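So you can see what is in the structure, the chains are spelled out below.
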Amino acid sequence: MSQSGKRYGKAIPRGLCLALSSVTLLFVMEGQAPAQSALTHHVRQDVASGHAQFLNPLPATQSLRLDIVLPLRDQAGLSRFLRQLYDPSSPSYRHFLTVSEFTAQFGPSQQDYDALTRYATSDGLQVVGGSRDGMDLQVEGPVAAIQTAFHVSMGAYQHPTENRTFYAPDREPTVGLPFPLWHVSGLDNYSIPHPMLVSKSDYAKAHGIDPESVVSRATTGSGPSGSFLGSDMRAAYYGTGALTGAGQNLGLLEYVGTDLDDLATYFNNVGQTNTVPITLLSTDGTSTSCVYSRGRRCDDTEQTLDMTQALGMAPGLASLVVYVGSTDTAILSAMTAHNPLPTTIGCSWGWTPADPSIDDPYFQRMAAQGQNFFAASGDYSTWTSSGNAEAWPADDAYVVSVGGTDLRTNGAAGSWASETAWADSGGGISPDKIGIPSWQQILGVINSSNKGSTIYRNGPDVSANSDFTFYVCADQTTSTANYYGGTSFAAPMWAGYMALVNEQAAANGNARLGFINPAIYPYGVGTGYGADFHDVTTGTSGSYSAVSGYDLVTGWGSPNGSGLINALAAMSTSPDFTITASPASVSVAQGSNGASTITTTVSGGFNSSIAFSTAGQPTGVTVTFSPASISGAGDSTMTMAVAPTTPTRTHTITITGTGGGTTHTATVSLTVTPVGAFTITASPNSFSVPQGAKGSSTFTTTIRTVGSGGFNSSIALSATGLPKGTTATFSPVAIAAPGSGTSNMTLKVGPSTAAGNYTVAVTGSGGGLTRTATLSLHVN
């Protein structure tokens, strides 16, 4: 039988109750659903074309770990929301969603998530991670189970451009679910992620030159041999101000773990102390450790330098979390659902996805939640569609692409002096054919001088020092000066700088910035551009040159001290408030009440009374607020009284706050669940006895109660309708909580009982409910 036949021909296991519950019925429906294709591509072009030589089927017992991603629930609605969120004229401007709010509005439903879980485990896959908030389910299992679940054949292939083999599916995966999946990460290892880092020796070898002739050594840094430290970059791009990133949470994306002893060595060698708490977080079971040992090599150069640049720029962060994983979706899932939420993120890695839209749901979620993702633009000049110069993820429309420059400063820990384009800065026109975003369509951005595209995404957006001028410690074996370079340094540098911006925004009473591209592009064509950025106008990388204004080598340039911070974090010019609901998802049984706390925060001196109202609640739900209005900032308890007749499904209630001529909204997802219930039966339920029989006649019947829908109460038993001369006793007299069980009812019919047909009612009472079973007594 084919795999599809096995999937759809599953029999109900022996012992499964034939009186199927709604959950079991849903499972059967899933098993019979027509095959659904995923919404993204999985088959590599080299596999589909036959360019990659097939070697052999992947062993059926080989274990793989996959990350199954569910699609967004309302892509069109999210797109509209993001346009309003980043439109300064919109009432929704920078009113970011919490993690739970995003899940309630745009994430997968609980029903779909549970259905996926049952589907995966039914084929022998083990759930090992993921979450509904993360929009993913991580599973692990043998190749045989994976092939059955996704209707693919896994094979080993010879890589066409690298001296190694890889595994991959032979066709697009399909599933027997009533909804499609977004993507299944981990089905291939065709593309191995690589750090956007380059050494002078590797660069020289590639260009056939002496490493010492690559560039002149830095001479104005605070590190050994005049090399730059992270603190030098802070001095050059920020200055001597008081901002440190206090209260801000920064995340770093890494595909390999690290050895924090290397970070300690760096700070010890340069005479500095790190006070920021650092967490190494495995997002999918990948080891967070990276230690050189006999028989095992692990290089943490990239991971360590990322931390030194972020910490050097923002030495007072509330936290720095290193998110380590083996698949992009697993890492991004954790970054969008973790508490505390990283609001500024650095990524110094590049990879080639099977489909460039795979990570879009996560990048869009970051924008909706007020997170900013900085991606290194690469170290091999002009972007290409494959190889080391591949752009991803730096050409995605919802990330900030960070290019490279060659920086000079006014002495150790000195101010910015000059800057030119780095000769290897990645940039150009999106090789992944990602459409040009609205903020690059602003008049004056793309012109004949920069040779940008008016059709596709251009990059980078911004830049910072990336030349071979840094001090680096790694692998507990080597500390180097002026040896490593790359946009790997620039991306975490910018992530640290954004922590300073968000700190200033908070001090000004404003929301954090979130995704900054919609803001910086208008600044770039505005009159204040020179105060916000260092415009890099000289130097060439590949096919493009630095020019005045925006260019495809350095973007808008590097940050100009506190100028850009003040522009981005400017004090609100008008009073305003925000409104949030916690929790944003509430489940209430029919006939019961639920509550959510409505919180208002104010900015710009807002001091008006805010009144609350609601819309969208179904018939049978009454909403009240206590208090009904708030003066400025505060909390109100929203109570939802659900009538017994309210439909059992999920309803979206919109809460509107109105005050000072301003209106803002929040939403609560109300799920109405069936009220707990129970049934009662008698077996046997019919007895016959001759009238006037000598002595009493005794009969026993079994009374059975079955609770459902979360019913949890004891049930008291009684009998009515007994004829004169007949008694009934129960053992036990009540069914103990949660309400499912049996009791023996004994009927004792005396000789004086008159002849006739009698109906005896057995009543069960518990949990505010009463249910009745009947039995027949015939006295002949």
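Residues numbered from 1 in each chain as written. Predicted model: local features only at pLDDT ≥ 70, side-chain atom pairs only at ≥ 80, totals over all residues. Heavy atoms only, no water.

Visitor: Sorry if this is basic, but what is going on with the environment of serine 89 here?
Guide: With respect to the helices and strands, the residue serine 89 is situated in the loop between helix H4 (75-85) and helix H5 (99-106). Spatially, the C-alpha atom of serine 89 lies 28 Å from that of glycine 247, the residues being 158 residues apart in sequence. (Helix = DSSP H or I, 4+ residues; strand = E, 2+ residues; numbered from the N terminus.)

Visitor: What is the right way to read the environment of asparagine 685 from this model?
Guide: Note that asparagine 685 resides in the loop between strand S39 (677-683) and strand S40 (686-689). For asparagine 685, a relative accessible area of 41% puts it in the partly exposed group. Each C-alpha atom, one on asparagine 685 and one on valine 760, is 9.4 Å from the other, the two residues being 75 residues apart in sequence. Not counting residues within four places of it along the chain, the set of residues in contact with asparagine 685 comprises Thr774, Leu775 and Ser776. (Buried < 20%, exposed > 50% of the residue type's maximum accessible area, 1.4 Å probe, protein only. Contact = heavy atoms within 4.5 Å.)

Visitor: Explain the side chain of aspartate 259 to me, please; I cannot follow it from the model alone.
Guide: Structurally, the position occupied by aspartate 259 is in the loop between strand S12 (249-254) and helix H10 (260-269). One polar contact links the side chain of aspartate 259 to the main-chain amide nitrogen of aspartate 261, over a distance of 3.0 Å. (Polar contact = N/O pair within 3.5 Å; in protein donor to acceptor, adjacent residues only side chain to side chain.)

Visitor: I keep staring at the nonpolar core and nothing clicks. Help me out?
Guide: Nonpolar side chains in soluble globular proteins tend to end up buried together. Membership of the largest hydrophobic core comes to 111 residues, with the highest contact counts inside it found for Leu253, Leu320, Met335, Phe373 and Trp494. Ranked by residues supplied to this core, first place goes to helix H14 (residues 487-507) with 11 residues. Among all residues touching methionine 335, those that are not within four sequence positions of it are Gly251, Leu252, Leu253, Tyr323, Leu341, Pro342, Ile345, Met366, Gln371 and Phe373. Listed in part, the 28 residues of the second largest apolar core include Leu125, Leu137, Val175 and Leu177. (Core = buried A, V, L, I, M, F, W, Y, C linked by side-chain atoms within 4.5 Å.)

Visitor: Would you take a moment to explain helix H17 (residues 561-568) for this structure?
Guide: The periodicity of an α-helix, 3.6 residues per turn, causes residues three or four places apart in sequence to face the same way. Within H17, the full set of buried residues consists of Gly561, Leu564, Ile565 and Leu568. Angular distribution of buried residues about the axis of H17 spans 140°; they occupy a single face of the element. Elements in contact with the buried residues of H17: helix H9 (230-237), H14, helix H15 (517-524), helix H16 (529-532), strand S26 (533-534) and strand S29 (558-559). (Arc of directions from axis to C-beta.)

Visitor: What exactly am I supposed to notice about the sheet that holds strand S37 (residues 650-659) here?
Guide: Two strands in a sheet stick together by hydrogen bonds in their backbones, pointing the same way (parallel) or opposite ways (antiparallel). If you walk across this open sheet you meet the 5 strands as S31-S38-S37-S33-S35, and the pairing is mixed. Only two strands of the sheet have a single partner each, and these edge strands are strand S31 (585-589) and strand S35 (629-631). For this sheet the average axis-to-axis angle between neighbouring strands, irrespective of direction, equals 30°. The pairing of strand S33 (residues 609-615) with S35 spans 3 bridges and is antiparallel. Considered in S35, the bridge of serine 609 is made with serine 631. (Pairing = 2+ DSSP bridges. Axes fitted to C-alpha atoms, helices over the stretch in contact; angles between N-to-C directions.)

Visitor: Would you explain the state of the cysteines in this entry?
Guide: Cysteine pairs can be linked by a disulfide, which is a covalent bond between their two sulfur atoms. The tally for this structure, following the rule as stated, stands at 1 disulfide. At a sulfur-sulfur separation of 2.0 Å, the disulfide partner of cysteine 290 is cysteine 298. With the S-S dihedral at roughly -115°, the linkage between cysteine 290 and cysteine 298 falls on the left-handed side. Owing to a relative accessible area of 7%, cysteine 298 belongs among the buried residues under this scheme. In this model cysteine 347 remains outside any disulfide bridge; the closest cysteine sulfur is found in cysteine 290, 17 Å from its own. On the basis of relative accessibility, which here comes to 0%, the residue cysteine 347 falls in the buried class. Here cysteine 473 is not disulfide-linked; the sulfur of cysteine 290 is the nearest cysteine sulfur, at 15 Å. Given a relative accessible area of 2%, cysteine 473 falls into the buried group. (Disulfide = S-S within 2.5 Å.)

Visitor: I tried to follow the packing of H15 against H17 on my own but got confused; where do I start?
Guide: Geometrically, a packed helix pair is captured by the angle between its two axes and the distance between the axes. Closest axis-to-axis distance for the H15/H17 pair is 11 Å, and the angle between their directions is 120°. In terms of crossing hand, the pair formed by H15 and H17 is right-handed. On H17, the residues that touch Ala519, Ile520 and Tyr523 of H15 are Leu564, Ala567 and Leu568. For the contact of H15 with H17, a count of residues per class yields 6 nonpolar, no polar and no charged. (Left-handed = near helix turned anticlockwise from the far one by under 90°. Nonpolar A, V, L, I, M, F, W, Y, C, P; charged D, E, K, R; others polar.)

Visitor: Would you mind going over the side chain of threonine 705 with me for this structure?
Guide: Note that threonine 705 resides in strand S41 (residues 697-708). Overall, threonine 705 belongs to the buried group, its relative accessible area being 1%. One polar contact links the side chain of threonine 705 to the main-chain carbonyl oxygen of glycine 739, over a distance of 2.9 Å.

Visitor: Please clarify how the sheet that holds strand S42 (residues 715-720) should be interpreted in this entry.
Guide: An order of S40-S47-S46-S42-S44 is seen for the 5 strands of this open sheet, with the pairing classed as mixed. Every other strand in the sheet has two partners, leaving S40 and strand S44 (734-735) as the edge strands with one partner each.

Visitor: Please clarify how the pairing of strand S32 (residues 593-603) should be interpreted in this entry.
Guide: If a strand is regular, its side chains alternate between the two faces of the sheet. Pairing between strand S30 (residues 576-582) and S32: 7 bridges, direction antiparallel. Along S32, the bridge assignment pairs phenylalanine 577 with valine 602. Two elements, S32 and strand S36 (residues 634-642), share 8 bridges in a ladder whose sense is antiparallel. The residue of S36 that forms the bridge with glycine 594 is methionine 640.

Worth remembering: the numbers are spatial, not functional.
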